[in-house]
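Here is what each chain is made of, one letter per residue.
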Amino acid sequence: MREQNSLPPKLPDRVLNWFLKDDLLEEISGDLYEYYMELGDIPEWKKKLFYCYHLINFLRPFALKKLEGRQKLNNYGMFKNYFKVGFRNILKYKMFSFINVFGLAVAMSVCMLIILMLADQKSYDQFHENKERVYRILGTPYVGSVPYATVPVPLSDAIKDRYPIIEKSTSLRKGVGGDAIYKNQIADLKGYFADDSFFEVLSFPLISGNKNSALSLPNSVVISKDKANQLFKDENPVGRHIQFEDRGLRVLDIDGDADSSVDWGTFTITGIVDNDAIKSHLKFDILMSISTLNRLQEDSLIVDNSQKWDAYQSAFSYILLKDEVSRSELKDALKNLSERQYSDLEDLSEYSFSSQKLTDITPGIIVANEDSFRLPELPYFVLSMFASIIMIMACLNYVNLSVAKSLSRMKEIGVRKVNGATRKNLMFQFLLESILTALLALVISTFILFFLKEAFMNLWVNKYLNFDLNVTVSVYLVFTAFALLVGMIAGIYPALFISRRKPVNALKSQIEEKKGKWGIRKVLSVSQFVFSLLFIVTSIVIYNQFKFFTEFEYGFDSENIVNVHLHGNDHELISTEFSSVPGVKNISACEYIPATGVTNLISLVDKRNEDEVIEMLHQKVSETFIDNLGLSLVAGKGLTTSASDDELTIINESAVNKLGFENPEEAIGSIWKTRENSSLKIVGVVRDFRATLLISGDEIQPMLMTSDPENFNFLNVKVSGENPMRVVSELEERWKKLDSRHRFKYEFYQNELDNTNLVVFDVVSVIGYISFLSILIACLGLLGMAIYTTERKTKEVGIRKVLGAAEMNIVLILSKSFMKLLLISVLIAAPLSFVVNKLWLDNFPNRVDFGFGTVVIGSLLMLGLGLLTIGSQTIRAARQNPVESLKDE
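Parameters at a glance
- Residues numbered from 1 in each chain as written.
- Predicted model: local features only at pLDDT ≥ 70, side-chain atom pairs only at ≥ 80, totals over all residues.
- Heavy atoms only, no water.
- Core = buried A, V, L, I, M, F, W, Y, C linked by side-chain atoms within 4.5 Å.
- Buried < 20%, exposed > 50% of the residue type's maximum accessible area, 1.4 Å probe, protein only.
- Helix = DSSP H or I, 4+ residues; strand = E, 2+ residues; numbered from the N terminus.
- Contact = heavy atoms within 4.5 Å.
- Pairing = 2+ DSSP bridges.
- Axes fitted to C-alpha atoms, helices over the stretch in contact; angles between N-to-C directions.
- Salt bridge = Lys/Arg side-chain N within 4 Å of Asp/Glu carboxyl O.
- Lys, Arg positive; Asp, Glu negative; His and termini not counted.
- Parallel < 35°, antiparallel > 145°, perpendicular 65-115°, else oblique.
- Left-handed = near helix turned anticlockwise from the far one by under 90°.
- Nonpolar A, V, L, I, M, F, W, Y, C, P; charged D, E, K, R; others polar.
- Phe/Tyr/Trp six-rings, centres within 6.5 Å; stacked < 30°, edge-to-face > 60°.
- Lys NZ or Arg CZ within 6 Å of the ring centre and 35° of its normal.

Chemist: Just to check I follow, could you spell out the nonpolar core for this structure?
Modeler: The nonpolar side chains of soluble globular proteins are, as a tendency, buried together. Counting residues in each nonpolar core, the largest one holds 114 residues, and the members touching the most others are L104, M108, M117, M391 and F556. Take this core: its biggest share by element is 16 residues, from helix α5 (residues 94-122). Every residue in contact with M117, bar those within four places of it in the chain, is listed here: L375, Y380, L383, F456, F467 and L469. Judged by nonpolar contacts, the second largest core, of 27 residues, contains V134, L172, F204 and V273.

Chemist: Can you help me understand the pairing of strand β9 (residues 315-321) in this one?
Modeler: Counting buried positions over the seven residues of β9 gives seven, a clear majority of the element. Side-chain alternation along β9 places A315, S317, I319 and L321 on one buried face and F316, Y318 and L320 on a second face that is also buried. Pairing of strand β1 (residues 134-140) with β9, which is carried by three bridges, proceeds in the antiparallel orientation. Across the sheet, V134 pairs through a bridge with L320, a residue of β9. When strand β2 (residues 166-182) meets β9, the two strands line up antiparallel, connected through seven bridges. Within β9, the position partnered with T170 by the bridge is Y318.

Chemist: Which parts of the structure should I look at to understand the sheet that holds strand β20 (residues 714-719)?
Modeler: Backbone hydrogen bonds hold the strands of a sheet together, and the pairing may be parallel or antiparallel. Strand order in this open sheet of four strands is β12-β20-β11-β21, and the pairing throughout is antiparallel. In this open sheet, the two strands that pair with only one neighbour each are β12 (584-590) and β21 (746-748). Ignoring strand direction, the axes of neighbouring strands in this sheet form an average angle of 20 degrees. Sheet analysis places β12 next to β20, joined by six bridges and oriented antiparallel. Among the inter-strand pairings, I587 is bridged to a residue of β20, identified as V717. Packing of helix α18 (residues 571-579) onto the sheet brings it into contact with β11 (561-565), β12 and β20, and relative to β12 it is tilted by some 170 degrees. Across the sheet, helix α22 (residues 724-738) lies against β11, β12, β20 and β21, angled at about 160 degrees from β21, the strand it touches most.

Chemist: I tried to follow the side chain of S197 on my own but got confused; where do I start?
Modeler: By the secondary structure assignment, S197 is in the loop between β3 (185-194) and α7 (198-201). On the basis of relative accessibility, which here comes to 10%, the residue S197 falls in the buried class. Setting aside chain neighbours within four positions, we find S197 in contact with S169 and T170.

Chemist: What exactly am I supposed to notice about the pattern of salt bridges here?
Modeler: Once their charged atoms are close, side chains differing in charge can pair, the charge on each being opposite to the other. In the structure shown here, the tally under the stated rule is 17 salt bridges. A salt bridge links R133 to D323; the nearest nitrogen and oxygen atoms lie 3.2 Å apart. Of this pair, R133 sits in the loop between α5 and β1 while D323 sits in the loop between β9 and α10 (327-342), placing them 190 residues apart in sequence. For R133, a relative accessible area of 18% puts it in the buried group. A salt bridge links K183 to E235; the shortest N-O distance between them is 3.5 Å. With K183 in the loop between β2 and β3 and E235 in the loop between α8 (225-232) and β6 (241-246), this residue pair connects regions lying 52 residues apart in the sequence. Residue classification places K183 among the exposed positions, given a relative accessible area of 62%. Put simply, R133, E167 and D323 are held in one network by salt bridges that share partners.

Chemist: Sorry if this is basic, but what is going on with the environment of V598 here?
Modeler: With respect to the helices and strands, the residue V598 is situated in the loop between β12 and β13 (601-605). Of the residues examined, V598 reaches a relative accessible area of 38% and is grouped as partly exposed. Along the chain, V598 and L693 lie 95 residues apart, while their C-alpha atoms are 8.6 Å from each other. With near-sequence residues (within four places) excluded, V598 lies in contact with Y592 and I593.

Chemist: Help me out: how do you make sense of unusual backbone geometry in this one?
Modeler: Residues other than glycine predominantly adopt negative phi, and peptide bonds predominantly adopt the trans conformation. Geometrically, the link from T362 to P363 is a cis peptide bond, its omega value of -15 degrees lying close to zero. Relative to the helices and strands, P363 resides in the loop between β10 (352-357) and α11 (377-405). Notably, N560 is not glycine yet its phi reads approximately 60 degrees, a positive angle. Following the sequence through the fold, N560 ends up in the loop between α17 (520-550) and β11. Here A595, not a glycine, exhibits a phi torsion of approximately 70 degrees, which is positive. You can see A595 is positioned in the loop between β12 and β13. The class of A595 is buried, set by a relative accessible area of 1%.

Chemist: In this structure, what is going on with the side chain of D274? I would like to understand it.
Modeler: For D274, the position within the fold is in the loop between β7 (262-273) and β8 (286-289). Of the side chains bearing the opposite charge, K225 lies closest to the buried D274, which forms no salt bridge; the N-O distance is 4.3 Å. With residues up to four places along the chain from it excluded, the contact list for D274 reads P205, I207 and K225.

Chemist: Just checking my understanding: could you explain the packing of helix α25 (residues 794-802) against helix α26 (residues 807-841) for this structure?
Modeler: The description of two helices packed together rests on the angle between their axes and the distance between the axes. Packing of α25 against α26 leaves a shortest axis separation of 10 Å and a crossing angle of 150 degrees. Taken together, the axis directions place α25 and α26 in an arrangement best described as roughly antiparallel. The crossing of α25 and α26 is right-handed. Between α25 and α26, the residues in contact are V797, R800 and K801 and E807, I810, I813 and L814, respectively. When the residues that make up the contact of α25 with α26 are grouped by side-chain class, the tally is four nonpolar, no polar and three charged.

Chemist: Looking at this structure, how should I read the packing of aromatic side chains?
Modeler: The geometry of an aromatic ring pair is captured by the separation of the ring centres together with the interplanar angle, meaning the angle of the planes. Here the structure, examined in full by the defined rule, presents 35 aromatic pairs. With 5.1 Å between their ring centres and 85 degrees between their planes, F198 and F199 make a pair best called edge-to-face. Members of the aromatic cluster, each reached through a chain of ring pairs, are F548, F549, F552, Y554, F556, F689, Y749, W840 and F844. In this arrangement the basic side chain of K607 is found over the ring face of W672, its NZ or CZ atom lying 4.5 Å from the centre.

Chemist: Could you clarify how one ought to interpret the packing of helix α6 (residues 155-162) against α10 in this entry?
Modeler: Where α6 meets α10, the axes come as close as 11 Å, and the angle between the chain directions of the two elements is 120 degrees. Between α6 and α10, the interaxial angle falls into the category oblique. For α6 against α10, the interelement crossing comes out right-handed. Residue-level contacts link L155, I159 and R162 of α6 to L334, L337, R340 and Q341 of α10.

Structure, rendered in structure tokens:
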């Protein structure tokens, strides 16, 4: 007996059995078998290849079975007929086809946008060679807290040395951010200290330099391609030396401003990373060798955290597991490590480590202390839910209209059944029509997606999320599969409903419906308008909230104030130069701009219980800050130079209550100790003003202000309101004389406050667009039903007109059933909209007033659009000449 592997392949034999005529099959298969055996001892793959080649030669037209003659379900001839009938029906019922295709298209475009967003986010970190084995270590300070993306610095070496399941580990320590200077060029670089295992764990592409040695020596740096072009132009950067001045910049800094410059010395460029060629959750301009830390720590330029297990916000840690090591083994190792390191630390006794797969970071769970902007999983879930609702509404439209229109196709169905068509045949016919409709919708939705994508890319939030939304071949395949799925889902009920008609009833155009009962079409129509009203009311509420934010009174004067970034320059020098510019009214300085998202905290020892501390917002301001922003003193005086050892401070009214005083006057002159044991003397109290973001809470936080020129980062320049841009231009000219390195960076204060609310405006835009699509799809469905109803009742209308019925009476008769549906929708959706929006609004800080008035406005809007849709058809039918409507068909 021959071995199994010497026999001809089985698949080609099956092909022969399927296609060849029965009288030729035995002869041809025998000849092929003999040919295969005569091939001898050549490699098996060659024998099979020759066998398949000769088999294909036998598949000639004369030898093939007649495809049309095969009694199989859905054969070629039947398929051809299905497509032909499907296209004819789409063209025959133009208005119904348009409503179905356009409704599905607008809904599919939203779903396709979500697919693009998910595809873009899932493309992150796919370039790493060992991506399936690389994990980021997260740290959770206590049970129930959000995990931190950062961990202690010593974790990386400890886990590699103690646990054999780890092949490699690398640590990225925070703390690199400043200006790189080469000849006359300057670039701000933000990044990390990285060890020499970085490129072994993570596969960032180096276009210049050696991965094995780029970060091994002290004072070595790897920089990004775009920063290299900025500094070196056409020169080869590798081997060049740069001067680096640290300014405490962080990777996630939006403004790019921090403390004064500190010279860290000269560094050698050892590599260039092409960040533009890849998509990574890690964003950096520079990687500085971690061996450089020893010198910086010796010079007290940076804090030594190399052995501090309690400094859990210091570094990012990534590990590469050995092959065939399970996630559970890593979990056990991390649990063991956290128990060993933190069991004796009282404040961190609950601290624990966990792992996050590299490819699951984007999109992923919400974590703290990230160094990049990205949407977590929750917004995608919410957006997908909204898109699904819109898609369901469009599918419901298709179901509704298809079932309604099926009455006009009863005779066609009856004839098909009498001629032998089975229920499966008919189901396939109507499913195919549904799929063809969905594919036509796919073509239109692709064009809609182009405009929708542009609108999404222009949203303010995308400035930080950096969506690309590129449409690739694989994405188009997903779109096509999605369209087929939509066609199947939308068509399954109409196919089942229509195909079950009895031939006798079908030929009589009868349908078994119980009048007076709530049928599927009514339920679907009401459901659509319930969703529509819910979206409309939500859009109105969010818009009112956005308007409330833009008109909010912060308690200070932001009009015509230009905030200028100091870039580490002496504020007095810049102030002196700016004060001579015509149109400059006043100048102050501060550490951060109030109410724009940045805050600092300070802890005071509570005199009532010295074991407790009182936390407050801390702002460092110049003596002119209060007058410049129009803050009102309610007690005491402003900041002045102190002759005593106590640092002078001004507090707000909320701080007065927090410190236990009954009125502002009592607080004047009191001295408080900070946790660092410095003394603060209260010399003034200002009226409360908003210093935090509006979405951060309702209450105004207690705050104290001190004067610390060393930490001023901004100038607040109050300019004339007549021609502010002319003044700004002059300020820029003066700036260039004093600092030729840094560009003049400024922002009008009012614009900054408005920008803090742009994320709310983005939400308004998204929900508003979804509401528009929702009501559009619902009205399209209502329009289709109105057209269908008026067509069915054409003769009834003609008879009524002949008998003297007025046009308005006919309009009311035709509209009555639709008006009932709209009213029922309002009765269901109005209280639901109120409860849902009240629920989230009650938990929203600084919220706008909300009552039933908003629900009434939304209901009237929806009713108006619904009645307009119905009226366009009922009025036309009522005005039709009865002679035309009473003609014989």
